[in-house]
Amino acid sequence: MRRAAIGSVLTAFVLCTISFNVGAQDASEKEIERYRAMISDPMSNPGFLAVDRGEILWSEKRGSKNASLEGCDLGLGAGKLEGAFAKLPRFFADADKVMDLEQRLLWCMQNVQGLDTKDVIARRFSGPGRASDMEDLVAFIANKSNGMKIDVQLGHPKEAEMAAVGEALFFRRGGVMDFACATCHAEEGKRIRLQGLPELSKAGKQAQETMGSWPTYRVSQGALRTMQHRLWDCYRQQRWPVPEYASDSLTALTVFLNKQALGGEINVPSIKR
Amino acid sequence: MKTILKTAALVLVAGTIVLPLTADAQTAPKQAAAKQADPAVIDAYLKSTFGKAPPEWQARIEPDESLKTCNNFRNDVPSAEADKIVQRELAKVVFPADGKLLGDWKEGKKIANNGRGGQFSDNEKTVNGGNCYACHQLELAEVSYGTLGPSLTSYGKDRKFDPAEAKQAYTKIYNSHAVVACSNMPRFGANKFLTEKQIKDIVALLFDPESPVNK
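Residues take numbers from 1 onward in each chain, read along the sequence in its written order. As a convention, the first chain written is A and the first ligand written is 1, with the rest following in written order. Per-residue local features are limited, in this predicted model, to residues with pLDDT of at least 70; the limit for side-chain atom pairs, both in listing and counting, is 80 or more; totals at the level of whole chains, interfaces and linings are taken over all residues. Side-chain metrics in this entry use all non-hydrogen atoms of the structure; hydrogen atoms and water are not considered.

Participant: Looking at this structure, how should I read the sheet that holds strand 6 (residues 223-225) of chain A?
Facilitator: By definition, the strands of a sheet pair up through backbone hydrogen bonds, in either a parallel or an antiparallel sense. Residues and elements named next belong to chain A. Read from one edge to the other, the open sheet built from three strands follows the order 6-5-7, with strand pairing classed as mixed. The open sheet is flanked by strand 6 and strand 7 (270-272), the only strands paired with a single partner. Taking each pair of neighbouring strands and ignoring which way they run, the sheet shows an average axis angle of 35 degrees. Pairing between strands is defined by DSSP: at least two bridges between the two strands are required. Numbered from the N terminus, helices here are DSSP runs of H or I no shorter than four residues, and strands are runs of E no shorter than two. Bridging between strand 5 (residues 216-218) and strand 6 involves three bridges; their strand directions are antiparallel. Each residue of the ladder has a partner; that of Tyr217, found in strand 6, is Leu224. Whenever a helix is involved, its axis is fitted only over the stretch in contact; in every case the axis is a line through C-alpha atoms, and angles between N-to-C directions fall within 0 to 180 degrees.

Participant: How should the environment of Ala182(A) be read in this particular structure?
Facilitator: All names here are of chain A. Relative to the elements of secondary structure, Ala182 occurs in helix 8 (residues 181-185). With 126 residues separating them along the chain, Ala182 and Ile56 place their C-alpha atoms 39 Å apart. Here a residue-residue contact requires only that any non-hydrogen atoms of the pair lie within 4.5 Å. In this structure Ala182 touches Phe170 and Phe171, once residues within four positions along its chain are discounted.

Participant: Could you clarify how one ought to interpret a negative patch on the surface in this entry?
Facilitator: Each patch groups residues whose relative accessible area exceeds 30% and which form no salt bridge, using 9 Å between like charges and 5 Å between nonpolar side chains of Val, Leu, Ile, Met, Phe, Trp and Tyr. Every accessible area reported is derived by Shrake-Rupley at a probe size of 1.4 Å, with residue values counting cover from the shown protein chains alone. Any carboxyl oxygen of Asp or Glu within 4 Å of a side-chain nitrogen of Lys or Arg constitutes a salt bridge here. Positive charges are assigned to Lys and Arg, negative charges to Asp and Glu, while His and the chain termini are left out of the count. Think of each charge as sitting on NZ of Lys, CZ of Arg, CG of Asp or CD of Glu. Taken together, the side chains of Glu161(A), Asp38(B), Asp43(B) and Glu62(B) define an acidic patch exposed on the protein surface. Locating Glu62(B) in the fold gives a position in the loop between helix 3 (55-60) and helix 4 (65-72). Type-normalised accessible area, obtained with a 1.4 Å probe on protein chains alone, sets the label of each residue: buried when under 20%, exposed when over 50%, and partly exposed for intermediate values. Owing to a relative accessible area of 54%, Glu62(B) belongs among the exposed residues under this scheme.

Participant: Teacher, can you tell me more about the nonpolar core here?
Facilitator: A general feature of soluble globular proteins is that nonpolar side chains tend to end up buried together. Ranked by internal contacts, the top residues of the largest apolar core, which has 73 residues, are Trp58(A), Leu105(A) and Phe170(A). Other than its neighbours up to four places away in sequence, Trp58(A) contacts Ser68(A), Leu69(A), Glu70(A), Cys72(A), Leu74(A), Gly79(A), Leu81(A), Leu105(A), Leu137(A), Phe140(A) and Ile141(A). With 29 residues, the next largest nonpolar core counts Ala166(B), Ala169(B), Ala178(B) and Val203(B) among its residues. Only buried residues count toward a nonpolar core. Its members are Ala, Val, Leu, Ile, Met, Phe, Trp, Tyr and Cys residues joined through side-chain atoms within 4.5 Å.

Participant: Before we go on, may I ask you to explain the state of the cysteines in this structure?
Facilitator: Among covalent bonds in proteins, the disulfide is the one between the sulfur atoms of two cysteines. Two cysteine sulfurs form a disulfide in these notes if their separation is within 2.5 Å. Summed over the entire model, instances satisfying the criterion amount to two disulfides over all chains. In this model, Cys72(A) is linked to Cys108(A) through a disulfide, with the two sulfur atoms separated by 2.1 Å. One disulfide, between Cys72(A) and Cys108(A), carries an S-S torsion of 70 degrees and so falls in the right-handed class. Of this pair, Cys72(A) sits in the loop between helix 3 (47-59) and strand 1 (90-92) while Cys108(A) sits in helix 4 (residues 101-113), and the two are 36 residues apart along the sequence. Accessibility expressed as a relative area gives 0% for Cys72(A), which makes it buried. Disulfide pairing is shown between Cys70(B) and Cys182(B); the S-S distance is 2.1 Å.

Participant: Can you help me understand the packing of aromatic side chains in this one?
Facilitator: How two aromatic rings sit relative to each other is set out by the distance from centre to centre and by the angle between their planes. Residue and element names in this part refer to chain A. Within 6.5 Å between ring centres, the rings of Phe, Tyr and Trp (the latter by its six-membered ring) count as paired, and their orientation is classed by plane angle as stacked under 30 degrees, edge-to-face over 60, tilted in between. Counted by the stated rule, this structure contains 13 aromatic pairs over all chains. Ring geometry for Phe170 versus Phe171: centroids 5.2 Å apart, planes at 70 degrees, classification edge-to-face. The two residues Phe170 and Phe171 agree in class, both being buried. Consider the rings of Phe170 and Phe256, whose centres lie 5.4 Å apart with planes at 55 degrees: the pair is tilted. Placement of the pair is Phe170 in helix 7 (residues 157-171) and Phe256 in helix 11 (residues 248-260), with a sequence separation of 86 residues. According to the relative accessible area criterion, Phe256 is buried, its value standing at 2%.

Participant: Please clarify how the pattern of salt bridges should be interpreted in this entry.
Facilitator: One side chain can pair with another of opposite charge once the charged atoms of both are near each other. One pass over the structure, following the stated rule, counts 28 salt bridges over all chains. A salt bridge links Asp94(A) to Arg104(A); the shortest N-O distance between them is 2.8 Å. Highlighted residues: Asp94(A) in the loop between strand 1 and strand 2 (97-99) and Arg104(A) in helix 4, separated in sequence by ten residues. The exposure class assigned to Asp94(A) is partly exposed, which follows from its relative accessible area of 48%. Residue classification places Arg104(A) among the buried positions, given a relative accessible area of 1%. We note a salt bridge from Arg116(B) to Asp122(B), for which the minimum N-O separation is 3.2 Å. A residue is classified by how much of its surface remains accessible, and Asp122(B), at 18% relative accessible area, is buried. Linked through salt bridges whose partners overlap, the residues forming this network are Asp178(A), Asp64(B), Glu89(B), Lys92(B) and Arg187(B).

Participant: Could you clarify how one ought to interpret empty space enclosed by the protein in this entry?
Facilitator: Residue and element names in this part refer to chain A. Buriedness for pockets is judged along seven lines, at least five of which must meet protein on both sides within 12 Å for an open set on the 1 Å grid over protein atoms alone, while cavities are sets there where a 1.4 Å probe fits but cannot get out, and lining residues have an atom within 4 Å of a point. Grid points are joined across faces, edges and corners, and a volume is the space filled by probe spheres set on the points. Within the structure shown, the criterion is met by two cavities of 30 Å³ or more. Its boundaries defined by the atoms lining it, the largest cavity holds a volume of some 240 Å³. As for the largest cavity, its lining consists of 18 residues, and the residues nearest its centre are Phe85, Trp214, Met227, Thr254 and Asn258. The set of elements that each furnish at least two residues to the lining of the largest cavity consists of helix 4, helix 10 (227-237) and helix 11. Lys, Arg, Asp and Glu make up the charged group, whereas Ala, Val, Leu, Ile, Met, Phe, Trp, Tyr, Cys and Pro make up the nonpolar group; the residues left over, Gly among them, are polar. Taken together, the residues of the lining of the largest cavity break down into twelve nonpolar, four polar and two charged.

Participant: Sorry, what's going on with the side chain of Ser183(B) here?
Facilitator: By the element assignment, Ser183(B) lies in the loop between helix 9 (163-174) and helix 10 (196-207). Taking relative accessible area as the criterion, Ser183(B) reaches 10% and is therefore assigned buried. Not counting the four nearest positions on each side in its chain, Ser183(B) is found in contact with Arg173(A), Lys172(B), Ser176(B) and His177(B).

Participant: Help me understand the confidence of the model for chain A, please; the structure alone is not making it clear to me.
Facilitator: Detailed reading of predicted coordinates is not advised where the pLDDT is low. A residue's pLDDT is the predictor's confidence in that residue, given on a scale from 0 to 100. For chain A, the average pLDDT comes to 89, and 85% of its residues sit at 70 or higher. Segment residues 1-26 of chain A is flagged for pLDDT under 50; beyond a separation of four residues in sequence, or across chains, it makes 34 contacts in the model.

So this is what it looks like as structure tokens:
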């Protein structure tokens, strides 16, 4: 059933393409409406399959302690999911560290479940025939903050440090092309080739719409992707070295971006090209 | 199926561009004025994220003198600093020994279209491209162009194919900061990303009267 719905959406895409080629700028309101509807329709967004898988993983007993993740505290108390994602990344006293959702999940796997996370990290990004626990869990957990506002925590000195470092990293140029995040994301209405670039150097609507729409189902990749993947891919385009998964600079950038996006409404998983 | 997805992707992007993006910042950020991060702290973060990369890759993200200044001022450098950068970067430009600045525009066209090279997903055999279309419009027939830089259509023709202008373009491509301090454009020659021959071919793309850029 769900599959059929997805198929019809893809057909709709193709129909759009045809009218684009023929009528050039003739992108009718109807087609935009259809695109909008598709984003918010669980039946036609394959990202919701990841949400379902994540729900199972969340309550599955694993690791040397044969425990589920329901004992994991994402900031609002053990097992509390509603609204937890909206306040991440945040400082966790037990780990003495500011963590994003993925760092926190790894910590809980190790400490609550006694799980060796090597395999989970190896599958941090899904590929053909290789599911990713992290993508599925993030989809499930983030979805539990839908309709809520991005409310990144900045009160703890370590959280404030993260925001300040994230900002510095956003503007830091380097690599063979001298690129920084700001090269591509510090002006409105710009694009690379045909890909639109959100302006993220200013607090406001573009940052809110961007950060409120991750995790997202990427049609071009046929996979649900997390912010860790987005930043990994942007550092690739930036011609920087491979960033270590779930490492501090990525969390710092996420804190900074969420600060720019403060108050933005979360609606995930979204669907993007 | 793959092509369908790709086309669908294109439509989604086009859709994104069409959607009105009103950008009025309306949220009142509740945080106190952000403190500048301590450079030593930033280094520690970088180490934790990129510290396992091969040494030559880590060296690439170590800012040189000019880039340090650009980073400090977020590219908006005061004029005294800008002059210093332009002088320093100009000294790095190496002009062809035989004085010929125009290569083969047909090759230049390929280089301008090629966005590969320098990414951690590339391998040693990858031929670096100039990726000019990522940021510039060049020949009118190519509709997939970015807008981070100005349009370069009819570039040579508009400059009456003046050799002094061609030399300036060579300089710009070799080292963009030698012309505009803290330019967002890569320093292709100075960073050893493109070869002298490749740069000459691109200059020809801009300045050869036969080049589609000038048609």
